[in-house]
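# Structural characterization, general
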Amino acid sequence: MRVHGDRIIRRRSGITKLKKYSEARKILAEDFKNICGYCGKDSHIMHERFHVDHFVPVSLNPERENDYYNLVWACPKCNLVKSNKWPTENKEIANDGNKGFVDPATEEYDKHIERNEQGYICGKTLLGRNICENLNFHIRRTDLYWKIHSLYKIQEKLEELFDKQKLSEAEKDFYIETNKLLKRYVNDAFDERE
Ligand SMILES: [Zn+2]
């Protein structure tokens, strides 16, 4: 399964150098379909104010601070965990094939990172596993958002049926069960700061 689910994130072309990177919040969120480039979390579902991450850290390359093509829409957790990490220590090289990062707004991201059946994010390659370690995916409850997202989708379908007065008694009971589960996962996500 893809980390980004069915959403494809790509930066639009033609954005010239910005005066201040924060100006790009709106279009960056649009290009990233409101999800965290790294972990795929949806800012609307999680009710979180997302950060603008610099793919190549500003500390290493201040020239790219206001370069749209160096920005990643990121959840606070990923942004804070990534911080100034840049394993190759060379601002021109994102990874050496074994360690480093892959720009999440590219097709290449999917070659190295995936989501398993339980919803946890894991590496498919050596580089993918290194990315997971750099973002703490190996110790984070990356499954929680995915479970919340999946329950939301189920609830939307049941609500549609309810609106059409086509919801059976068994489905109503099922709705209540999904709601209990949803509350539990939302609480867990809050406790884990996910
Ligand atoms: Zn994230």
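Residues numbered from 1 in each chain as written. Predicted model: local features only at pLDDT ≥ 70, side-chain atom pairs only at ≥ 80, totals over all residues. Heavy atoms only, no water.

## A short note on the packing of helix H6 (residues 143–163) against helix H7 (residues 169–191)
In the contact formed by H6 and H7, the axes pass within 9 Å of each other and the chain directions differ by 155°. Classed by the angle they form, the pair H6 and H7 counts as roughly antiparallel. In the packing of H6 onto H7, the handedness of the crossing is left-handed. In contact with Leu-144, Lys-147, Ile-148, Leu-151, Tyr-152, Ile-154, Gln-155, Leu-158, Glu-159 and Leu-161 of H6, H7 contributes Glu-171, Phe-174, Tyr-175, Thr-178, Asn-179, Leu-181, Leu-182, Tyr-185, Val-186, Asp-188 and Ala-189. Of the residues that constitute the contact of H6 with H7, the class distribution is 14 nonpolar, three polar and four charged. (Axes fitted to C-alpha atoms, helices over the stretch in contact; angles between N-to-C directions. Helix = DSSP H or I, 4+ residues; strand = E, 2+ residues; numbered from the N terminus. Parallel < 35°, antiparallel > 145°, perpendicular 65-115°, else oblique. Left-handed = near helix turned anticlockwise from the far one by under 90°. Contact = heavy atoms within 4.5 Å. Nonpolar A, V, L, I, M, F, W, Y, C, P; charged D, E, K, R; others polar.)

## Some details on the domain arrangement of the chain
Domain annotation for the chain reports domain 1 (21–134) and domain 2 (144–191). The straight-line distance from the C-alpha centre of domain 1 to that of domain 2 is 30 Å. If you look at the interface, domain 1 gives eight residues, while domain 2 gives seven residues. The contact between domain 1 and domain 2 buries some 670 Å² in all, and 72% of this surface belongs to carbon and sulfur atoms. Area buried by domain 1 at its contact with domain 2 is led by Ile-45, Met-46 and Arg-115, which between them contribute 63% of it. (Domains from an automatic or database assignment. Buried area = accessible area lost by both parts, 1.4 Å probe.)

## Considerations on the environment of Ile-176
By secondary structure assignment, the location of Ile-176 is in helix H7. Residues Ile-176 and Leu-151, 25 residues apart in the sequence, show an inter-C-alpha distance of 11 Å.

## A few points about the coordination of the zinc ion
In this structure, Cys-36 (SG), Cys-39 (SG), Cys-75 (SG) and Cys-78 (SG) serve as the protein donors to the zinc ion, at separations of 2.3 to 2.4 Å. Every donor counted, the four donor atoms about the zinc ion form angles of 104 to 115° at the centre, which fits tetrahedral coordination. As a motif over one chain, the donors of the zinc ion read C-x2-C-x35-C-x2-C. Grouping residues by exposure puts Cys-36 and Cys-39 together as buried. (Donors = N, O, S within 2.8 Å, 3.2 Å for Na, K, Ca; no water. Tetrahedral: all angles 85-135°; square planar, octahedral: opposite > 155°, others 65-115°. Buried < 20%, exposed > 50% of the residue type's maximum accessible area, 1.4 Å probe, protein only.)

## Some thoughts on the nonpolar core
By size, the foremost hydrophobic cluster in this structure holds 34 residues, and its most contacted members are Cys-36, Tyr-38 and Phe-137. For this core, the secondary-structure elements that each account for two or more residues are helix H1 (25–31), strand E2 (71–74) and helix H5 (126–134). Element by element, the count of residues in this core is highest for E2, at four residues. The residues touching Phe-137, leaving out its near neighbours within four places in the chain, are Tyr-38, Cys-39, Cys-78, Tyr-109, Ile-121, Cys-132 and Thr-142. Among the nonpolar cores identified, the runner-up in size contains 10 residues, and Ile-45, Leu-144, Ile-148 and Tyr-185 belong to it. (Core = buried A, V, L, I, M, F, W, Y, C linked by side-chain atoms within 4.5 Å.)

## As for the pattern of salt bridges
Applying the stated criterion across every chain yields a total of 15 salt bridges. Among the ionic pairs, Glu-194 bridges to Lys-41, the shortest N-O distance being 3.1 Å. With Glu-194 in the segment after H7 and Lys-41 in the loop between H1 and helix H2 (43–46), the pair connects residues that are 153 residues apart, well separated along the chain. Of the two residues examined, Glu-194 and Lys-41, each falls in the buried class. Its salt-bridge partner being Lys-147, residue Asp-143 comes within 2.6 Å of it at the nearest N-O pair. Here Lys-147 and Asp-143 lie together in helix H6, a separation of four residues that amounts to about one turn. (Salt bridge = Lys/Arg side-chain N within 4 Å of Asp/Glu carboxyl O.)

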